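An overview of the molecular structure
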Amino acid sequence: MSDASEMITLTIDGQQVTVAAGTTILEAARSLGCDVPVICYHEATTPNGLCRICVVGADGGRLLQPACIVPCRAGMVVETRNERVERSRRTILEMLSSAVNLAEAPAIQSLLDEYGAQPDRFPAAEKRDHTLIDDNPFYVRDYSQCVLCWRCVQVCAEDAQYTYALALDHRGFDTHVSTAFSVPMPESSCVFCGQCVSVCPTGALKPKIEFGLEQGWTLEQIWENTRFLQKNRRKRG
Ligand code: SF4
């Protein structure tokens, strides 16, 4: 285990930086103002290096390092952006866009532009296709827009709520977020805290009112479809 009081010095993009032992490359790079893109990473969740968009070059090594989980080492020389790093990020973005509907993920769309990704490079026939789940008055779930960042699962568990209503289900390409035994959300342990919706980086999880407005629902329809919310508000008032 590293001693957090120990300070180490490394070089990132030609700039020397001294950080506490245990600091990740991403944290050190950000302290210098270096722009390292992230998708699965969120300040409120435990980093897990799932999406790999934050990879950087380290010590000229063959393997790129996921900056969100790899701790800095003394004397390390990091390149946050070079030709290999760009090619890797571009390929990840192209694969993501071949499988996931990113129409409501503007931050990822910007990365596609920035890295010159060609979404058509991989066949789109294999896009993840899930039916929108509308099973409660609070939010809807469209897992065809899910990038499997795991943030919702993590905030529902040890990172925040300790409710454990969500988990990953199935394997490989069919992996998706679900409740235990795929029961409707009101039958799960969900307490409708909304934390999963707040950390979702795409439109996969959406408040019911926002969804209703997008669908062109009338006020009466919104009232009817979220009436549990309204009843609760009345009770509290
Ligand atoms: S639903 Fe949203 S937060 Fe959850 S894994 Fe998918 S993209 Fe991430």
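Source: prediction; values computed, not measured. Counting restarts for each chain, with residues numbered from 1 along the sequence as it is written. In keeping with the predicted nature of the model, local features appear solely for residues at pLDDT of at least 70, side-chain atom pairs appear and are counted solely at 80 or more, and the whole-chain, interface and lining totals rest on all residues.

Attention now moves to the overall build of the protein. Helix and strand assignments follow DSSP, with helices taken as H or I runs no shorter than four residues and strands as E runs no shorter than two, numbered in order from the N terminus. Summing up its helical and strand segments, the protein has eight helices and nine strands in all. Overall, the protein is about 60 × 45 × 30 Å in size when its C-alpha atoms are taken along their principal axes. Out of the 237 residues belonging to the protein, those deemed buried represent 32%. Counting other C-beta atoms within 10 Å of its own, a residue is labelled buried from 20 upward, exposed at 12 or fewer, and partly exposed in the gap between, with every C-beta atom placed from the backbone.

What follows concerns the site of the ligand. As a structural note, the neighbourhood of the ligand is formed by 14 residues, with C146, C149, C152, C200 and A204 the closest of them. Of the residues assigned to the shell around the ligand, the class counts are twelve nonpolar, one polar and one charged. Note on definitions: a residue is near a molecule or strand provided its C-beta atom, placed from the backbone, lies within 6 Å of it. Gly is put with the polar residues, along with every residue not named as nonpolar or charged; the nonpolar set is Ala, Val, Leu, Ile, Met, Phe, Trp, Tyr, Cys and Pro, and the charged set is Asp, Glu, Lys and Arg.

So, on to the sheet that holds strand β2 (residues 15-20). Here, a strand pair is defined by DSSP locating no fewer than two bridges between the strands. An order of β2-β1-β5-β3-β4 is seen for the five strands of this open sheet, with the pairing classed as mixed. Sheet topology places β2 and β4 (65-66) at the edges, where each strand pairs with a single neighbour. As paired strands, strand β1 (residues 7-12) and β2 are joined by six bridges and run antiparallel to one another. In the sheet register, I8 faces β2, and the bridge partner there is V19. Each residue is represented by a C-beta atom placed from its backbone, and any two residues with such atoms within 7 Å are regarded as in contact. Note on definitions: angles span 0 to 180 degrees between N-to-C directions of axes, and those axes are lines fitted to C-alpha atoms, for helices only across the stretch in contact. Across the face of the sheet, helix α2 (residues 83-99) comes into contact with β3 (55-58) and β5 (77-79) while running at roughly 160° to β3.

This part takes up α2. End to end, α2 covers 25 Å across 17 residues, agreeing with the expected 24 Å (1.5 Å per residue, within 8%). Every buried residue belonging to α2 is among R89, L93, L96 and S97, and all of these are buried. Angular distribution of buried residues about the axis of α2 spans 90°; they occupy a single face of the element. Along α2, exposed side chains directed more than 90 degrees from the buried face belong to E83 and R87. Buried-residue contacts for α2 involve α3 (106-114). Residue count minus one, scaled by 1.5 Å, sets the expected span of a helix. The arc in question is traced by the directions running from the helix axis to the C-beta atoms.

Looking now at the nonpolar core. One broad trend across soluble globular proteins is that nonpolar side chains are buried collectively. Counting 52 residues, the largest nonpolar core has I25, A67, C152 and C196 as its most contacted members. Examining the composition of this core, we find that four residues originate from one element, helix α1 (residues 25-31), more than from any other. Structurally, a nonpolar core is described as a collection of buried Ala, Val, Leu, Ile, Met, Phe, Trp, Tyr and Cys residues joined by way of C-beta atoms within 7 Å.

Residue ranges assigned to the domains are those given by an automatic or database domain assignment. Examined at the domain level, the protein breaks down into domain 1 (3-81), domain 2 (85-114) and domain 3 (139-236). The interface is formed by nine residues belonging to domain 1 together with ten residues belonging to domain 3. Classifying every residue of the side of domain 1 that touches domain 3 gives five nonpolar, four polar and no charged.

Turning our attention to unusual backbone geometry. In this model, R52 sits at a positive phi of 70°, which is unusual for a non-glycine residue. In this structure, R52 sits in the loop between α1 and β3. A positive phi angle, close to 55°, is found at F192, a residue other than glycine. By the element assignment, F192 lies in the loop between β8 (176-178) and α5 (195-199). On the basis of neighbour counts, which here come to 18 C-beta atoms within 10 Å, the residue F192 falls in the partly exposed class.

What follows concerns the confidence of the model for the protein. Looking at any residue, its pLDDT shows the predictor's confidence there, from 0 to 100. Per-residue pLDDT for the protein has a mean of 92; in total, 93% of the residues score no lower than 70. Note that pLDDT drops below 50 for residues 233-237; the model gives that stretch zero contacts with residues more than four away or on any other chain.

If you trace the backbone, S189 turns up in the loop between β8 and α5. Sequence separation of S189 and L166 is 23 residues, and the distance between their C-alpha atoms is 8.7 Å. The contacts of S189, once residues within four sequence positions are left out, are T163, Y164 and A165.

Before going further, it helps to examine the pairing of β1. As paired elements, β1 and β5 share two bridges and run parallel to each other. From the neighbouring strand, T11 faces β5, where its bridge partner is V77.

The subject of this paragraph is the environment of Q161. Mapped onto the fold, Q161 is located in the loop between α4 (151-156) and β7 (167-169). Its 19 C-beta neighbours within 10 Å are what place Q161 among the partly exposed residues. Once the C-alpha coordinates of Q161 and C200 are considered, the two residues, 39 residues apart in sequence, prove to be 15 Å apart. Beyond its immediate chain neighbours, meaning those up to four positions away, Q161 contacts V155, C156, C193 and Q195.

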